[in-house]
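# Chain and residue survey
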Amino acid sequence: MQYDMKKSVVAMVLVTVFMSCAKQEEAPYVAVDPVFEKPSNFPEPHYDLASNPITKAGFDLGKKLFYDGKLASDGVVSCAFCHQQKFAFTHHGHPLSHGVDNRSGKRNSQPIQNLAFQKQFSWDGAAFHLDMFPIIPLTNPVEMDETVGNVLKKLAADATYQKMFAEAFKDGRVNADNTFKAMSQFMLMMVSANAKYDKYVRKEENVTLTAEESRGFTVFKSKCSSCHATDLFTDDSFRNNGLPVDPAVDDLGRMTVTLVPEDRYKFKVPSLRNVALTAPYMHDGRFGSLESVLNFYTDGMVTSATIDAQLKRPDGTVGISMTTQEKQDVIAFLKTLTDEEFIKDKRFAE
Ligand code: HEC
Ligand code: HEC
């Protein structure tokens, strides 16, 4: 009896060992899940990463969705149409983005980078959760001009998508929740933190700033970093930096969302990361170069009821005083925020 039991235990162990070997052989190659890493010079992420764990399958699905024109009513305008990697995921050369049927919007495309660290999205903060954001471009008539229902129908009818949803999510469903979570997984991984500036502040690879860049950094810290704050180069707030209002458009900015008159003409303080690549500038893309932006800060600003208090000079005029040399130095500094590794990162390429 005892002998028999021992024998069956041995047999069971052998069977288990055999099965696990067989299982290992059968198991498909499992690629490594992408790991979200907070750069040491960045603040804590705002996105709750535990609520949507990033996996290889989810990331791949998000990427496919991001590059797929099928999501738009015309079958052409994908997210990547207006968010191109080599320009830090902006629509280079287009002051105002244009979508389906070449219809023009009223805002300049924003870069997609470091979104895990932001609380609100778009120039006026219309979306307060990244998972909710894609509804805006998908349904906007001047962008992708679709309905969420229609997009889901197209995805559900596609065998490749069915398979990818099944691999990416436990319930495997092709629904809005999973679609947006997958897109977030892809976008959350898009962290830009390897510019010359980062290597300099993290004391990596013996990187030093040139005299010009270093002077520019000093000017930047005293005149710009109150709004373009932290190593994200934004304090994530909405402010009026004194741009003259185009009466034909009269974009109310943050007030569109809050309906509070104090928010009139306030726009998101943009991150200046990769700014040398993301021309044209401001919410409506009115400036084609960094030179014109700096000239605006010294000489082009107009006052209004909601202009940021910091931009008012003691003599009642508005603007940020800088010499021509200081402006050149600031531009040299801004160029140290260009992250070549990010724009060439194959993980984010089509
Ligand atoms: C027709 C051009 C166009 C298309 C297509 C487009 N976008 Fe955008 N995107 C923009 C513009 C313009 C803004 C700024 C919107 C605003 O402020 O109203 C923006 C803003 C964003 C932001 C906010 C970034 C931030 O820092 O707040 C995210 C995220 C984003 N887009 C993701 C996407 C995704 C995902 C898709 C595809 C589902 C997409 N976009 C499709 C033009 C486009
Ligand atoms: C009072 C806050 C504040 C200060 C100070 C400030 N900015 Fe800005 N900046 C903003 C806001 C807000 C915007 C977006 C305005 C809009 O589009 O309506 C902006 C936009 C920009 C842009 C355009 C970026 C893009 O992606 O379109 C650049 C470049 C820029 N600022 C550089 C600077 C520099 C350089 C300084 C210092 C000389 C500076 N800013 C000082 C608030 C500020």
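Next up on the list: the overall build of the protein. Tallying secondary structure elements over the protein gives 13 helices and 2 strands in all. A total of 350 residues make up the protein; the buried ones form 47% of that total. Counted over contacts in the protein with a minimum sequence separation of 6, partners at least 24 positions apart contribute 67%. For the protein, the exposed surface amounts to about 18,000 Å²; the carbon and sulfur share of it is 58%. Positive and negative side-chain charges in the protein, numbering 40 and 45 respectively, have mean positions lying 2 Å apart.

Let us look at the coordination of the iron atom of ligand 2. Each pair of donors in an ideal four-coordinate tetrahedral metal site encloses 109.5 degrees, whereas pairs in an ideal six-coordinate octahedral site enclose 90 or 180 degrees. Donor atoms from the polypeptide that coordinate the iron atom of ligand 2 comprise His-228 (NE2) and Tyr-297 (OH), at 1.9 to 2.1 Å from the metal. In this structure, the iron atom of ligand 2 is coordinated by 6 donor atoms arranged in octahedral fashion, with angles at the metal of 84 to 179°. In this pair, His-228 is assigned in the loop between helix H9 (211-223) and strand E1 (238-239) and Tyr-297 in helix H11 (residues 290-300), connecting sequence segments 69 residues apart. An identical accessibility class is assigned to His-228 and Tyr-297; each is buried.

Around ligand 2, the structure places 26 residues, and the nearest of them are Cys-224, Cys-227, His-228, His-283 and Tyr-297. At 2.7 Å from an oxygen atom of ligand 2 is found a main-chain nitrogen or oxygen belonging to His-283. In terms of residue count, the dominant contributor to the shell around ligand 2 is H11 (3 residues). The class makeup of the residues in the shell around ligand 2 is 18 nonpolar, 4 polar and 4 charged.

As a further point, take the domain arrangement of the protein. How large an interface is tends to be reported as the accessible area lost when its parts come together. Annotation of the protein at the domain level lists domain 1 (49-192) and domain 2 (196-341). If you average the C-alpha positions of domain 1 and of domain 2, the two centres end up 27 Å apart. Listed as interface residues are 25 residues of domain 1 and, on the opposing side, 24 residues of domain 2. Here domain 1 and domain 2 share an interface that buries about 2,100 Å² over both sides, 50% of which is from carbon and sulfur atoms. Of all residues in domain 1, Trp-123, Asp-124 and Ser-192 give up the largest surface area on contact with domain 2, accounting jointly for 29% of the area buried on that side. Taken together, the links from domain 1 to domain 2 amount to 1 salt bridge. A salt bridge links Asp-251 to Arg-107; the shortest N-O distance between them is 2.7 Å. The interface formed by domain 1 and domain 2 contains 14 residue pairs in polar contact (both at pLDDT 80 or more). Of the residues assigned to the side of domain 1 that touches domain 2, the class counts are 8 nonpolar, 12 polar and 5 charged.

If you check the protein contacts of the iron atom of ligand 1, you find one donor only, His-83 (NE2), at 2.1 Å. Mapped onto the secondary structure, His-83 falls in the loop between helix H3 (79-82) and helix H4 (135-139).

With that settled, the discussion passes to the site of ligand 1. In the vicinity of ligand 1 lie 24 residues, with Cys-79, Cys-82, His-83, Ser-122 and Trp-123 positioned nearest. Side-chain polar atom of Gln-118 to an oxygen atom of ligand 1: 3.3 Å apart, as the coordinates give it. The backbone of Trp-123 places a nitrogen or oxygen atom 2.8 Å from an oxygen atom of ligand 1. Put simply, the parts of the chain that give the shell around ligand 1 at least two residues each are H3 and helix H7 (176-188). A class-by-class count of the residues in the shell around ligand 1 yields 12 nonpolar, 10 polar and 2 charged.

All of the buried residues along helix H5 (residues 148-156) are Val-151, Leu-152 and Leu-155. Buried residues of H5 fall within an arc of 95° about the axis and therefore sit on the same side.

Scanning all chains against the criterion turns up 21 salt bridges. Two residues, Lys-70 and Asp-158, come together in a salt bridge whose shortest N-O distance is 2.7 Å. One end of the pair, Lys-70, is in the loop between helix H2 (56-66) and H3; the other, Asp-158, is in the loop between H5 and helix H6 (159-168), with 88 residues separating them in the sequence. In this structure, Arg-273 and Asp-198 form a salt bridge, with 2.7 Å as the shortest nitrogen-oxygen distance. Pair noted here: Arg-273 is in the loop between strand E2 (267-268) and H11 and Asp-198 is in helix H8 (residues 196-201), with a separation of 75 residues, a long-range link. Accessibility classification places Arg-273 together with Asp-198 in one group, the buried group. When salt bridges that share partners are traced, they join Asp-101, Arg-103 and Asp-145 into one network.

All right, on to the nonpolar core then. Soluble globular proteins: nonpolar side chains tend toward being buried together. Ranked by size, the top nonpolar core spans 46 residues in total, and within it Leu-61, Phe-66, Leu-71 and Met-187 carry the most contacts. Top element by residues in this core is H7. It accounts for 6 residues. Not counting chain neighbours up to four residues away, the residues in contact with Leu-61 comprise Tyr-161, Met-164, Phe-165, Ala-168, Phe-169 and Ala-182. Membership of the second largest hydrophobic core comes to 30 residues, among which are Phe-217, Phe-233, Tyr-297 and Val-318.

What counts, and at which threshold
- Residues numbered from 1 in each chain as written.
- Chains lettered and ligands numbered in written order.
- Predicted model: local features only at pLDDT ≥ 70, side-chain atom pairs only at ≥ 80, totals over all residues.
- Heavy atoms only, no water.
- Helix = DSSP H or I, 4+ residues; strand = E, 2+ residues; numbered from the N terminus.
- Buried < 20%, exposed > 50% of the residue type's maximum accessible area, 1.4 Å probe, protein only.
- Contact = heavy atoms within 4.5 Å.
- Areas by Shrake-Rupley, 256 points an atom, 1.4 Å probe, with all protein chains shown as cover.
- Lys, Arg positive; Asp, Glu negative; His and termini not counted.
- Charge placed at Lys NZ, Arg CZ, Asp CG, Glu CD.
- Donors = N, O, S within 2.8 Å, 3.2 Å for Na, K, Ca; no water.
- Tetrahedral: all angles 85-135°; square planar, octahedral: opposite > 155°, others 65-115°.
- Near = heavy atom within 4 Å.
- Polar contact = N/O pair within 3.5 Å; in protein donor to acceptor, adjacent residues only side chain to side chain.
- Nonpolar A, V, L, I, M, F, W, Y, C, P; charged D, E, K, R; others polar.
- Domains from an automatic or database assignment.
- Buried area = accessible area lost by both parts, 1.4 Å probe.
- Salt bridge = Lys/Arg side-chain N within 4 Å of Asp/Glu carboxyl O.
- Arc of directions from axis to C-beta.
- Core = buried A, V, L, I, M, F, W, Y, C linked by side-chain atoms within 4.5 Å.

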